[in-house]
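What the coordinates show
Listed below are the residues making up each chain.
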Amino acid sequence: MDNQTIIKTSNLSRRYNGQTAVDDLNFEVKEGEIFGFLGPNGAGKTTTLLMLLGLSQPSSGSAVVCGMDPIRQSKEVKRLIGYLPENVGFYGDLNAVQSLEYVANLNGLKGEVVARKTDNLLDLVGLKQDAKKKVAAFSRGMKQRLGIAEVLIKDPKVLFLDEPTLGLDPDGALRIIDLIESLNKDQGITVVLSSHDLHQVQRISHRVGIMINGKLVAEGSIDSLAKEKFGVGEKEYSLEEIYMKYFREG
Amino acid sequence: MQGLYAIFKKELRDHFTSYRFVILFALIAMVSFISSYMAGIHMRENLEGMSGVKFPFLLLFSSTGALFSMIQFVSFFGPLIGLVLGFDSINRERAHGTLIKLVSQPIYRDAVINGKFLAGVVTISIMLISIVLVISGFGLALVGVVPGIEEIWRIIVYLILSIFYISLWLGVSILFSIFFKGIATSALASVALWIFLSFFVSLGADVLANTIVPIGNANETTPEDVIKNYRIKETTARFSPMVLYSEATATIIDPMQKTTRTSDLINLRMNPMEEMLSSRFENPLTLGQSLLVVFPHTTALIAITLICFAISYMVFMVQEIRT
Ligand SMILES: Nc1ncnc2c1ncn2[C@@H]1O[C@H](COP(=O)(O)OP(=O)(O)O)[C@@H](O)[C@H]1O
Ligand SMILES: [Mg+2]
């Protein structure tokens, strides 16, 4: 494991009463990259992310995240990783500022720092005008952006974004994708992005992994995967075509 | 610690701004208002010119002026307060997708349970203390009874016991909210347990005692049988926290009770009037003696709460949380 590697799994597996959800997973995420984590529904992406956070116990195998064991050092790992769950929920009776403040307090932030960070983050995700609005009145796109602000409040080294564009209109999805790209470029945050929005993933990801039925069937840059499957460069083949080919064969 | 305090603060705010709290508080305030008013009227009529009444102030809480006394009300409806404050504490977050957000913050998982429990305990304490203050105020205004030092101590002990008792139910309901994923299911389970312990345990104790030592036929029943029957009934009934609590508070608020069990045994031989007369002219238990008598009850109440907590931790720590 070289010092560029920030996440590495070795034969990571998770079984639910005999059913294998994640099967002998071996992959790496490098520091500073956007890693597109692809696969059909039920492939095991969420389960993998939960194991990397120490929220789910692997049935076998292990993982190293930021140099730590996510099971034994769960709290320390969660200090460094911002996790945006798929279909993240909110307390509807709080407004945007209060929601952010709560997450800030849970991360041990207090006083003036909280106010400043809350302000900056709402600005960053474009929710400044809606700061005092109850979250119950937010659109899905606004909720996702608030969710991203919430995971940023701890100044994470790594972001796990589980289908952040699910159910958004094209414009809303684009805003999220642009936001993710700028976080990666400007702040150097490593991003693991699970998404079905293959066109957008192709645009911002440095490398992708394709998971099917709990197994990682491909890992690498889109270029290298295109070469492997079609023998030519990325220019001719979109990520969608590559993905479909793996999907049909897998 | 950081997580615990943040959760505690949020939960407390939620309680105090919820309709559920307002309704509970209104209900309790109303009932205590009525019961103490009735007790006060009753006392004014009956104690006029009487001397030698010990602890008149405590009668405000223990006398059944109208239908029930304040302490009877708390022992019966107190569980409902605890259950209502906690039955959806974990599964509501799960249903709304906020639980995963909580546990993916750098906090220990037990902070979630502890923060919610503590916020509930504080809410319960504030409710009970304000009610006791309301009743005391009524006592002063209506009957003109001024509490003595010992009566004040007894009321403080009563408050602490009641907070423990209702917190026990809060602990039970938090356990249910961890165990049952559906909010309606945990509400139903809570109410079922409440009804079971309110009615069926004492009923069951009767049945059990009468099966083992039948005392139906007055001619053949020896005094030993009566006592044996009573012991079985009493021991079985104590599996219910309500019985534990009622016995304990009765001893604290009604110091004429020698132990928690004498009154019922006396009942077997005396009519209520005789009992009233005989007990009122005896010397009351001192505060220290009363505390000694209720010590096992208090310990049992705390032990039950701790068991609920231990189970809650065990279930919650290993539970996979995906939403
Ligand atoms: N609690 C559970 N019990 C049994 N099977 C589960 C449980 N959670 C997830 N699974 C199974 O694990 C597999 C992977 O699910 P998941 O990680 O959510 O996939 P993805 O996020 O890629 O859509 C699915 O087949 C799902 O049915
Ligand atoms: Mg998923």
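Residues numbered from 1 in each chain as written. Chains lettered and ligands numbered in written order. Predicted model: local features only at pLDDT ≥ 70, side-chain atom pairs only at ≥ 80, totals over all residues. Heavy atoms only, no water.

**Section: the confidence of the model for chain B**
Residues and elements named next belong to chain B. Mean pLDDT for chain B: 84, with 87% of residues reaching 70 or above. Across chain B, the secondary-structure element scoring lowest on mean pLDDT is helix α12 (residues 262-269), at 46, and the one scoring highest is helix α6 (residues 99-103), at 96. Note that residues 258-270 has pLDDT below 50 and, in this model, 23 contacts with residues that lie over four places away or in other chains. Here the prediction assigns the complex a pTM of 0.90, and the interface score ipTM is 0.93. (pLDDT = per-residue confidence, 0-100. Helix = DSSP H or I, 4+ residues; strand = E, 2+ residues; numbered from the N terminus. Contact = heavy atoms within 4.5 Å.)

**A few points about helix α8 (residues 149-179) of chain B**
Between its terminal C-alpha atoms α8(B) stretches 45 Å, which fits the 45 Å expected from 31 residues at 1.5 Å a residue. Summarising burial for α8(B): 23 of the 31 residues are buried, a large majority. (Expected span 1.5 Å × (residues − 1). Buried < 20%, exposed > 50% of the residue type's maximum accessible area, 1.4 Å probe, protein only.)

**Here we look at the interface of chain B and chain A**
Of the residues lining the interface, 25 residues belong to chain B; the matching set on chain A comes to 27 residues. Interface area, chain B with chain A, both sides summed: about 2,500 Å², of which 54% is carbon and sulfur. Looking at the side of chain B facing chain A, the largest losses of area belong to B:K101, B:P106 and B:R322, adding up to 24% of the total buried there. Our count for the chain B to chain A interface comes out at 2 salt bridges. Close ionic contact of B:K101 with A:E150 constitutes a salt bridge, the shortest N to O distance being 2.9 Å. Summed over the shared surface of chain B and chain A, the result is 12 residue pairs in polar contact (both at pLDDT 80 or more). Only α1 (2-17), α5 (91-96) and α6 of chain B provide two or more residues apiece to the side of chain B that touches chain A. Ranked by the residues each element gives to the side of chain B that touches chain A, the list is headed by α1(B), at 8 residues. In terms of residue class, the side of chain B that touches chain A is made up of 9 nonpolar, 7 polar and 9 charged. (Buried area = accessible area lost by both parts, 1.4 Å probe. Salt bridge = Lys/Arg side-chain N within 4 Å of Asp/Glu carboxyl O. Polar contact = N/O pair within 3.5 Å; in protein donor to acceptor, adjacent residues only side chain to side chain. Nonpolar A, V, L, I, M, F, W, Y, C, P; charged D, E, K, R; others polar.)

**Details of the nonpolar core**
Nonpolar side chains in soluble globular proteins tend to end up buried together. If you look at the biggest cluster of nonpolar residues, it comprises 99 residues, and the most contacted ones within it are A:I7, A:L52, A:F160 and B:F61. Sorting elements by how many residues they give to this core places α8(B) first, with 15 residues. Among the nonpolar cores identified, the runner-up in size contains 52 residues, and A:L127, A:L193, A:A218 and A:Y246 belong to it. (Core = buried A, V, L, I, M, F, W, Y, C linked by side-chain atoms within 4.5 Å.)

**Points about the packing of helix α3 (residues 96-106) of chain A against helix α4 (residues 112-124) of chain A**
The geometry of a pair of packed helices is captured by two quantities: the angle between their axes and the separation between those axes. Residues and elements named next belong to chain A. The interhelical angle for the contact between α3 and α4, taken along N-to-C directions, is 125°, at an axis separation of 10 Å. Considering their axes alone, α3 and α4 lie oblique with respect to each other. Here α3 and α4 pass one another in a crossing that is right-handed. Note on element contacts: α4 touches α3 through V114, T118 and L122, opposite A96, V97, L100, E101, A104 and N105. (Axes fitted to C-alpha atoms, helices over the stretch in contact; angles between N-to-C directions. Parallel < 35°, antiparallel > 145°, perpendicular 65-115°, else oblique. Left-handed = near helix turned anticlockwise from the far one by under 90°.)

**Focus on the coordination of the magnesium ion (ligand 2)**
All names here are of chain A. Protein coordination of the magnesium ion (ligand 2) is provided by T46 (OG1) and E86 (OE), with donor distances spanning 2.0 to 2.2 Å. You can see T46 sitting in helix α1 (residues 45-52) and its partner E86 sitting in the loop between β6 (81-84) and α3, a full 40 residues away along the chain. Residue T46 is classed as buried on the basis of its relative accessible area of 11%. By relative accessible area, which is 27% here, E86 ends up partly exposed. (Donors = N, O, S within 2.8 Å, 3.2 Å for Na, K, Ca; no water.)

**Points about the packing of aromatic side chains**
Aromatic ring pairs: the centre-centre distance and the angle between the two ring planes describe each pair. In total, this model carries 21 aromatic pairs over all chains according to the counting rule given. On the basis of an interplanar angle of 45° and a centroid distance of 6.2 Å, the ring pair of A:F35 and A:F37 is categorised as tilted. Residue A:F37 is classed as buried on the basis of its relative accessible area of 0%. Taking the centre distance of 5.1 Å and the plane angle of 40° together, the rings of B:F73 and B:F77 count as tilted. (Phe/Tyr/Trp six-rings, centres within 6.5 Å; stacked < 30°, edge-to-face > 60°.)

**Observations concerning the site of ligand 1**
As a structural note, the neighbourhood of ligand 1 is formed by A:Y16, A:A21, A:P40, A:N41, A:G42, A:A43, A:G44, A:K45, A:T46, A:T47 and B:R322. More than one chain approaches ligand 1, the contributing ones being chains A and B. A:A43 has a polar backbone atom sitting 3.2 Å from an oxygen atom of ligand 1. One of the side-chain N or O atoms of A:T46 is found 2.6 Å from an oxygen atom in ligand 1. Compared with its free state, where it exposes 570 Å², ligand 1 has 64% of that area covered by protein. It is α1(A) that provides the largest number of residues to the shell around ligand 1, a total of 3 residues. (Near = heavy atom within 4 Å. Areas by Shrake-Rupley, 256 points an atom, 1.4 Å probe, with all protein chains shown as cover.)

**Considerations on the side chain of B:R154**
Note that B:R154 resides in helix α8. Once you skip the residues sitting within four places of it in the chain, B:R154 turns out to touch B:F55, B:L58, B:T251, B:I252, B:I253, B:P255, B:L285, B:T286, B:L287 and B:S290.

**Overview of the sheet that holds strand β4 (residues 34-38) of chain A**
Residues and elements named next belong to chain A. Across the sheet, 6 strands lie side by side as β6-β7-β8-β4-β9-β10; this open sheet has mixed pairing. A single partner strand is all that each edge strand has here, and the edge strands are β6 and β10 (215-220). Averaged over neighbouring strand pairs, the angle between their axes works out to 15° when direction is ignored. One ladder, built from 4 bridges, connects β6 with strand β7 (residues 158-162); its direction is parallel. Bridging across to β7, I81 finds its partner in V158. Along the sheet, helix α8 (residues 222-230) contacts β9 (207-212) and β10; its crossing angle with β10, the most-contacted strand, is approximately 110°. (Pairing = 2+ DSSP bridges.)

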